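Remarks on the overall topology
Read off the chains here:
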Amino acid sequence: DTLKAAFDGYGTKNDDVLRVFGQMGNDLDILALIDVYGIRKISSGRFNTEPDFEGGLAGTISDEMTGDEIKKINSVLESKKIKFRL
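Residues numbered from 1 in each chain as written. Predicted model: local features only at pLDDT ≥ 70, side-chain atom pairs only at ≥ 80, totals over all residues. Heavy atoms only, no water.

1. What about the overall build of the chain?
- The number of helices and strands found in the chain is 5 helices and 2 strands.
- Helices and strands in the chain line up, N terminus first, as α-α-α-β-β-α-α.
- In terms of overall size, the chain behaves like a compact globule, its C-alpha atoms giving a radius of gyration of 13 Å where 86 residues would be expected to give roughly 12 Å.
- With respect to the principal axes defined by its C-alpha atoms, the chain has extents near 40 × 25 × 15 Å.
- For the chain, the proportion of its 86 residues judged to be buried stands at 30%.
- When contacts within the chain are restricted to residue pairs at least 6 apart in sequence, those whose partners lie at least 24 apart make up 52%. (Helix = DSSP H or I, 4+ residues; strand = E, 2+ residues; numbered from the N terminus. Rg over C-alpha atoms; globule rule 2.2 N^0.38 Å. Buried < 20%, exposed > 50% of the residue type's maximum accessible area, 1.4 Å probe, protein only. Contact = heavy atoms within 4.5 Å.)

2. Quick word on the side chain of E64
- Turning to its location among the elements, E64 is positioned in helix α4 (residues 57-64).
- Despite its burial, E64 pairs with no opposite charge; the closest candidate is K13, at 8.8 Å N-O. (Lys, Arg positive; Asp, Glu negative; His and termini not counted. Salt bridge = Lys/Arg side-chain N within 4 Å of Asp/Glu carboxyl O.)

3. Let's talk about unusual backbone geometry
- Positive phi, close to 60°, is recorded for K81, a residue that is not glycine.
- Here K81 lies in the segment after α5 (67-79).
- When its relative accessible area of 73% is taken as the criterion, K81 is described as exposed.

4. Some points on the pattern of salt bridges
- Counted under the stated rule, the structure contains 3 salt bridges.
- The salt bridge partner of D8 is K4, with a shortest N-O separation of 3.1 Å.
- For D8, a relative accessible area of 27% gives the class partly exposed.
- A salt bridge links D16 to R19, with the shortest nitrogen-to-oxygen separation between them at 2.6 Å. With D16 and R19 both in helix α2 (residues 14-22) and 3 residues apart, the pair spans about one turn of that helix.

Structure representation (structure tokens):
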């Protein structure tokens, strides 16, 4: 739910996303996170002309975050010796 809240509405709360990934301890934690996240609908914001997005965690991250922001997540995962990358 923390991730959905971070993505929902206009703008992404990148610090919240990084915090969640920083709590992951191994690849199994990542797989569990992806499973629990499931498929969710993310609002683009009340007055935003962009359409809402619906998809899984990887798709949502690709839709909501820039390449540099995704690199930060991958850097956090690498620092924890987690093999999974976005």
